[in-house]
Amino acid sequence: MPTARRALATAIDYTAMAVPLGALAAITLLRHRNRPLPDVSPAKARVLVAAGLTLPLSAALAAAEATGGSPGKRALGLTVRDESGADPTYRQTLLRTVAKTAVPWELGHQAVWEFRADNTRRGAVLASAAYVALGLQAAAILRNRRTYADKLAGTRVESSHGSSN
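Below, the structure is looked at part by part. None of the values given here were measured: they were computed from a predicted structure. (Residues numbered from 1 in each chain as written. Predicted model: local features only at pLDDT ≥ 70, side-chain atom pairs only at ≥ 80, totals over all residues. Heavy atoms only, no water.)

**A word on the packing of helix α4 (residues 90-116) against helix α5 (residues 120-142)**
Running from amino to carboxyl end, α4 crosses α5 at an angle of 160°, the nearest separation of the two axes being 8 Å. Comparing their axes, α5 and α4 come out roughly antiparallel. As for the relative orientation of α4 and α5, their crossing is left-handed in sense. Within the contact between the two elements, α4 uses K100, P104, L107, G108, Q110, A111, E114 and F115 and α5 uses T120, R122, G123, A124, L126, A127, A129, A130, A133, L134 and Q137. Of the residues that constitute the contact of α4 with α5, the class distribution is 11 nonpolar, five polar and three charged. (Axes fitted to C-alpha atoms, helices over the stretch in contact; angles between N-to-C directions. Helix = DSSP H or I, 4+ residues; strand = E, 2+ residues; numbered from the N terminus. Parallel < 35°, antiparallel > 145°, perpendicular 65-115°, else oblique. Left-handed = near helix turned anticlockwise from the far one by under 90°. Contact = heavy atoms within 4.5 Å. Nonpolar A, V, L, I, M, F, W, Y, C, P; charged D, E, K, R; others polar.)

Put into structure tokens, the structure is as follows:
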């Protein structure tokens, strides 16, 4: 399966997750354009973003993968299968999505919060961990191999026509 298709499918999926976040940010800014944003503690904001955005969006992406493919995979003729070639369970796709998307996403968010609080060492560690997770995924895709998320979940990405990795 061509590497470019897998990489582009991942980019589409990440964009599909970012669009609702951008819309929410725009709505929030428009609603508060003439007054200050609510004063929310950084600790509360960290939990709210993870619980209110990252996890629900990951669950929705996992549901799409369990029912035929994420937006990116559908657009590019790819699908997720379990190791036997059958449709994956929701549990498998949720584990896969959390590992490939939610973990790097949240590591990045937490790094930003640490940098904002002038905890540069902690922020650098978190940012580095996010880049390592994304780099491992990119390396697997570039080598046309299974990602760590697929290995954890017992899944693989294959062409809708049957070739896999």
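**Digging into helix α2 (residues 42-66)**
Taking 1.5 Å per residue, 25 residues should reach 36 Å; α2 reaches 34 Å between its end C-alpha atoms and fits that length. At A50, α2 shows its largest bend, some 30°. When we look at burial in α2, the residues that qualify are A45, A50, T54, L57, S58, L61, A62, A64, E65 and A66. On its buried face, α2 is in contact with α1 (3-31), α3 (71-75), β1 (78-82) and α4. A positive backbone phi angle near 120° is found at G68, which sits one or two residues after α2. (Expected span 1.5 Å × (residues − 1). Bend = angle between axes of the 7 residues up to and from the residue. Buried < 20%, exposed > 50% of the residue type's maximum accessible area, 1.4 Å probe, protein only.)

**A word on empty space enclosed by the protein**
Using the criterion set out here, one finds one cavity of 30 Å³ or more in the structure. Looking at the largest cavity, its volume works out to about 90 Å³. Forming the walls of the largest cavity are R6, A9, T10, K73, L78, R96, K100, Q137, I141, T147 and V157. Broken down by secondary-structure element, the contributors of at least two residues to the lining of the largest cavity are α1, α4 and α5. (1 Å grid on protein atoms, 1.4 Å probe; cavity = no way out; pocket = protein on both sides within 12 Å on 5 of 7 lines; lining within 4 Å. Points joined across faces, edges and corners; volume = space filled by probe spheres on them.)

Honestly, it's all geometry; don't read function into it.
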